[in-house]
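# Descriptive analysis of the structure
Spelled out, the chains give:
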Amino acid sequence: MDSRRALDILGLMRLEDGSRWAETAADFQKANAAAILDTTGPQQHWIELPRGGRKTTDIAGLMLAILLEQAPPMARLYVGASDQEQAQELIDAARGLAAPMTGVRGRVPR
């Protein structure tokens, strides 16, 4: 499991405005992503960011990067949400990030 490759995959994901994740991520977002994708460290993380900190999009991208690079085949990843609306926003964010990625878009749940 290569954390560098997973971070590269995340960095190449396109956001709604067409920019790549790595082009727009702030230092704290890059640090959070690197810590989460580091398979040598603890595997439980808590991210608490202010409104507008791009939590939902970042978590969706991280989950996709983990599924594509680090998780075993047929793995499931779980993310908590405060309510059904927030859970749907996470799924929508994952779909949006996966849409331009050949071979991935059909594997994101509806």
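The structure we're discussing is the one just above.
What you see is a predicted model; the values in this text were computed from it and never measured.

### Concerning the overall build of the protein chain
Secondary structure assignment for the protein chain yields 5 helices and 0 strands. Secondary structure elements of the protein chain occur, N-terminal to C-terminal, as α-α-α-α-α. Rg of the C-alpha trace for the protein chain: 13 Å, near the compact-globule value of 13 Å for 110 residues, within the 12% margin. Considered along the principal axes of its C-alpha atoms, the protein chain spans approximately 35 × 35 × 30 Å. Looking at the protein chain residue by residue over its 110 residues, the buried ones come to 32%.

### Points about unusual backbone geometry
In the Ramachandran plot, R54 falls in the positive-phi region, its phi being about 65 degrees despite a non-glycine side chain. When you line up the elements, R54 lands in the loop between α3 (27-37) and α4 (55-70). At M74, a position not held by glycine, the phi torsion is positive, near 70 degrees. Assignment of secondary structure puts M74 in the loop between α4 and α5 (84-98).

### Digging into the pattern of salt bridges
Under the definition given, this model contains 4 salt bridges. Its salt-bridge partner being R5, residue E69 comes within 3.2 Å of it at the nearest N-O pair. Pair noted here: E69 is in helix α4 and R5 is in helix α1 (residues 3-12), with a separation of 64 residues, a long-range link. Since its relative accessible area comes to 49%, R5 is described here as partly exposed. With a shortest N-O distance of 3.2 Å, R95 and D92 are connected by a salt bridge. Of this pair, R95 and D92 both sit in helix α5, 3 residues apart, roughly one helical turn.

### What to know about the nonpolar core
The biggest cluster of nonpolar side chains holds 24 residues, and the ones touching the most others in it are L10, M13 and L62. If you list the elements that add at least two residues to this core, you get α1, α3, α4 and α5. Counting residues per element, this core draws most heavily on α4, which supplies 7 residues. Excluding residues within four positions of it along the chain, L62 makes contact with L10, A33, I36 and L37.

The rules behind the values
- Residues numbered from 1 in each chain as written.
- Predicted model: local features only at pLDDT ≥ 70, side-chain atom pairs only at ≥ 80, totals over all residues.
- Heavy atoms only, no water.
- Helix = DSSP H or I, 4+ residues; strand = E, 2+ residues; numbered from the N terminus.
- Rg over C-alpha atoms; globule rule 2.2 N^0.38 Å.
- Buried < 20%, exposed > 50% of the residue type's maximum accessible area, 1.4 Å probe, protein only.
- Salt bridge = Lys/Arg side-chain N within 4 Å of Asp/Glu carboxyl O.
- Core = buried A, V, L, I, M, F, W, Y, C linked by side-chain atoms within 4.5 Å.
- Contact = heavy atoms within 4.5 Å.

Nothing here speaks to function; it is geometry throughout.
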